[in-house]
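Coordinates in review
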2 protein chains.
Amino acid sequence: MNRPLLTQAARPLTFEIDAVNERGEIVPTAIAGEHPLTIYVDKQEIVTLMTLGAAPEALTLGYLRNQRLIGKLSDIVSVQVDWEVNAVAVVTRHGQGIAAERLEKRTVTTGCGQGTIFGDLMAEIDNIHLPATAMLAEVTLYGLLDAVRHHESIYKQAGAVHGCALAKGAEILMFVEDVGRHNAVDAIAGKMWLDELDGGDKIFYTTGRLTSEMVIKTAQMGIPFLVSRSGLTQMGWEIASKLGMTMIGRAQGKHYLLFSGAERFTR
Amino acid sequence: MNRPLLTQAARPLTFEIDAVNERGEIVPTAIAGEHPLTIYVDKQEIVTLMTLGAAPEALTLGYLRNQRLIGKLSDIVSVQVDWEVNAVAVVTRHGQGIAAERLEKRTVTTGCGQGTIFGDLMAEIDNIHLPATAMLAEVTLYGLLDAVRHHESIYKQAGAVHGCALAKGAEILMFVEDVGRHNAVDAIAGKMWLDELDGGDKIFYTTGRLTSEMVIKTAQMGIPFLVSRSGLTQMGWEIASKLGMTMIGRAQGKHYLLFSGAERFTR
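Notes on the structure follow. (Residues numbered from 1 in each chain as written. Chains lettered and ligands numbered in written order. Predicted model: local features only at pLDDT ≥ 70, side-chain atom pairs only at ≥ 80, totals over all residues. Heavy atoms only, no water.)

**A word on the overall build of chain A**
What counts is decided by this rule: In this text, helices come from DSSP runs of H or I with a minimum length of four residues, and strands from runs of E with a minimum of two, each type numbered from the N-terminal end. With the radius of gyration taken over C-alpha atoms, the globule rule is written as 2.2 Å times the number of residues to the power 0.38. Burial here depends on accessible area, computed with a 1.4 Å probe over protein chains only, as a share of the maximum for the residue type. Under 20% is buried, over 50% is exposed, and the range in between is partly exposed. The contact definition used throughout considers only heavy atoms, calling two residues in contact when any of these lie within 4.5 Å. For the area figures, the Shrake-Rupley method with a 1.4 Å probe applies, and any residue is considered shielded solely by the protein chains shown.
Helices and strands together make up the secondary structure of chain A, namely eight helices and 16 strands. The C-alpha atoms of chain A give a radius of gyration of 19 Å, which matches the 18 Å a tight globule of 267 residues would have. With the C-alpha coordinates of chain A rotated into their principal frame, the extents come out at 60 × 50 × 35 Å. Classification of the 267 residues of chain A by burial places 61% in the buried group. In chain A, once contacts between residues fewer than 6 apart in sequence are set aside, the share between residues at least 24 apart is 55%. Summed over its atoms, the accessible surface of chain A is roughly 10,500 Å², and 51% of this surface lies on carbon and sulfur atoms.

**Focus: the side chain of Arg-264 of chain A**
Residue and element names in this part refer to chain A. We apply this condition: Counted as positive: Lys and Arg. Counted as negative: Asp and Glu, with His and the chain ends omitted from the count. Take a side-chain nitrogen of Lys or Arg and a carboxyl oxygen of Asp or Glu: if they are within 4 Å of each other, that pair is a salt bridge. Under the rule applied, a polar contact is a pair of N or O atoms within 3.5 Å (in protein, one hydrogen donor and one hydrogen acceptor; residues adjacent in sequence only if both atoms are side-chain atoms).
Secondary-structure assignment places Arg-264 in the loop between strand S15 (255-260) and strand S16 (265-266). Put simply, Arg-264 is tucked away with no salt bridge, and the nearest opposite charge, on Glu-263, sits 4.8 Å away. Within the local environment of Arg-264, its side chain forms a polar contact with the backbone oxygen of Pro-131, the two atoms lying 2.9 Å apart. In terms of polar contacts, Arg-264 uses its side chain to reach the backbone carbonyl oxygen of Gly-244, at 2.4 Å.

**Examining the pattern of salt bridges**
Inspection of the entire model under this criterion finds 22 salt bridges over all chains. One salt bridge connects Glu-22 of chain B with Arg-23 of chain B, and the closest N-O pair in it is separated by 3.6 Å. By relative accessible area, Glu-22 of chain B is classed as buried at 13%. Linking Asp-146 of chain B and Arg-149 of chain B is a salt bridge whose minimum nitrogen-to-oxygen distance equals 2.4 Å. Taken as a pair, Asp-146 of chain B and Arg-149 of chain B lie in helix H4 (residues 138-150) at a separation of three residues, close to a single helical turn. On the basis of relative accessible area, Asp-146 of chain B is assigned to the partly exposed category, the value being 33%. One salt-bridge network, in which partners are shared between bridges, spans Glu-22, Arg-23 and Glu-25 of chain A.

**Considering the environment of Ala-58 of chain A**
Along the chain, Ala-58 of chain A falls in helix H1 (residues 56-66). The residues contacting Ala-58 of chain A, other than those within four sequence positions of it, are Asp-186, Ala-187, Gly-190 and Lys-191 of chain A.

**Points about unusual backbone geometry**
Residues and elements named next belong to chain A. For Asp-42, which is not a glycine, the phi torsion comes out positive at approximately 50 degrees. The topology assignment puts Asp-42 in the loop between strand S4 (35-41) and strand S5 (44-51). For Asp-42, a relative accessible area of 18% translates into the label buried.

**Focus on the side chain of Ser-153 of chain A**
Residue and element names in this part refer to chain A. On the secondary structure map, Ser-153 appears in the loop between helix H4 (138-150) and helix H5 (154-158). By relative accessible area, Ser-153 is classed as buried at 9%. Excluding residues within four positions of it along the chain, Ser-153 makes contact with Phe-175 and Glu-177.

**Here's the deal with the sheet that holds S15 of chain A**
For clarity, the threshold we go by: Here, strands pair whenever DSSP counts at least two bridges between them. Axis angles are defined between N-to-C directions and span 0 to 180 degrees, where every axis is a line fitted to C-alpha atoms and, for a helix, only to the segment in contact.
Taken together, eight strands build an open sheet; the order of strands is S11(A)-S10(A)-S12(A)-S13(A)-S14(A)-S15(A)-S2(B)-S3(B) and the sheet is mixed. Strands with a single pairing partner mark the edges of an open sheet, and in this sheet they are strand S11 (171-178) of chain A together with strand S3 (26-32) of chain B. Pairs of neighbouring strands in the sheet enclose a mean axial angle of 30 degrees, with direction left out of account. The pairing of strand S10 (residues 162-168) of chain A with strand S12 (residues 203-206) of chain A spans four bridges and is classified as antiparallel. Looking at S12 of chain A, one finds that Cys-164 of chain A is bridged to Thr-206 of chain A.

**Description of the interface of chain B and chain A**
Operational definition: The term buried area refers to how much accessible surface (probe radius 1.4 Å) is lost by two components on association, counted for both of them together. Throughout, the ten residues Ala, Val, Leu, Ile, Met, Phe, Trp, Tyr, Cys and Pro are labelled nonpolar, Asp, Glu, Lys and Arg are labelled charged, and all others, Gly among them, are labelled polar.
On the side of chain A, 63 residues touch chain B, which itself brings 63 residues to the contact. When the two sides are added together, the surface that chain B and chain A hide from each other amounts to roughly 4,800 Å², 55% of it contributed by carbon and sulfur. Along the contact surface separating chain B from chain A lie zero salt bridges. Taken together, the connections running from chain B to chain A amount to 17 residue pairs in polar contact (both at pLDDT 80 or more). Residues of the side of chain B that touches chain A, tallied by class, amount to 27 nonpolar, 25 polar and eleven charged.

Structure (structure tokens):
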């Protein structure tokens with residue numbers, strides 16, 4: 001009975017505008033939605049996120065979780081999105097909002113290139129232990145890449161979004177797209193929180209690059225496998241190597257590059 | 001004589017690691033650098049940016065400028081990057097650091113999907129007037145796309161970075177890549193500040209998506225033309241339309257889509 005009361009306020013995800021191409025022709029073009037969503041906790045303003053609006057309740061929960069602003073799902077009574085005012089009202093059980101010192105310490109997403117408490121995050125990494133016995137077989141990876149390719153997506157229609165998926169084996173459990181990579185990851189974290197899912201036997205797939213932030217967030221969710229269509233950065237690689245995370249990039253069709261954690265991967 | 005004293009501390013931009021491909025072969029793979037860089041102003045800690053490290057001094061200046069933390073270039077005595085401690089020390093003329101109220105008001109980059117003072121940014125937009133008479137010809141656009149294609153880039157070697165260029169006609173004046181889109185834009189803003197360049201007759205090119213943040217930053221630099229290889233979001237389109245900015249997406253080779261500001265574009 002501890003699940004908060006949630007609205008189901010997804011926005012229309014694409015809009016059509018008329019563009020003009022190089023032949024002077026009018027081309028009806030689908031574009032991705034982008035909306036400000038201001039989070040209030042017990043009427044205290046916390047942050048404004050720019051979002052596609054596909055999963056605003058899960059995004060709000062994941063943001064509050066990943067920024068360590070709220071520790072337990074059972075502390076939350078309700079999450080109510082109102083697009084009339086581009087706001088989401090979160091009500092907590094104690095009704096006291098977020099302590100000022102917690103707000104000061106929030107991480108401003110290293111992956112967007114601008115973080116505030118990078119040192120704290122790196123210290124946290126040292127305390128994460130990914131399950132040593134979890135294994136991923138190449139055939140499962142191929143199955144997952146196939147599932148992702150066949151998944152309906154805003155990206156196929158309109159581009160300009162990043163997608164993330166949580167998978168168990170080759171099966172996609174959740175798939176979230178957003179205009180910001182952070183938001184897509186946060187929304188998955190929010191859904192995992194709601195459904196009380198453990199990351200230890202899961203695979204995290206992202207269309208985006210494997211930067212330090214993506215590796216850190218995957219580790220925080222306790223997920224030992226990180227797969228991307230894209231490449232990686234030096235720090236993403238260093239952190240994944242340190243964690244023993246199995247990281248696979250440039251993964252599409254029957255091609256991939258295994259970057260770290262080979263001991264968990266079987267061909 | 002008002003130009004600050006700068007280090008020239010670019011980092012090596014790519015590193016090589018050994019990955020393993022689907023045939024079990026070891027593939028030496030170039031990956032993009034990613035380093036924390038903590039900005040101190042008069043010894044006061046401001047923010048940690050995750051950066052490729054290609055233009056750390058310009059990035060620091062552009063960050064301080066775009067976040068409205070320092071108003072005039074002549075207020076800055078020196079910008080000294082020291083990669084031994086992943087830090088950049090900025091010394092101001094008054095030596096007082098940044099006022100607490102300014103720090104509170106800083107924007108945390110709407111484009112990464114997480115901003116704090118979105119309302120203020122939107123209000124600022126109303127006060128921006130892009131030059132009405134600036135024109136862009138299709139042949140110039142094609143020339144610029146050609147110049148970008150031939151430009152040496154980290155992206156071609158290692159992927160995982162975004163690139164931005166400032167152009168006058170088809171000539172690239174500056175080209176910056178970084179792991180975060182925000183950083184690449186901020187570094188261009190920093191270079192424009194240093195060189196006292198006006199944006200009114202320039203074109204801004206980005207490999208990234210045309211989100212609200214990208215449109216707002218281009219407008220803040222006073223640039224009437226925004227060109228991207230990628231698509232756009234609804235809010236990016238709405239703001240560009242409101243500003244009368246000429247925005248062109250999906251631009252590659254001899255193809256493009258003109259999204260807004262057709263009155264400034266000639267075929």
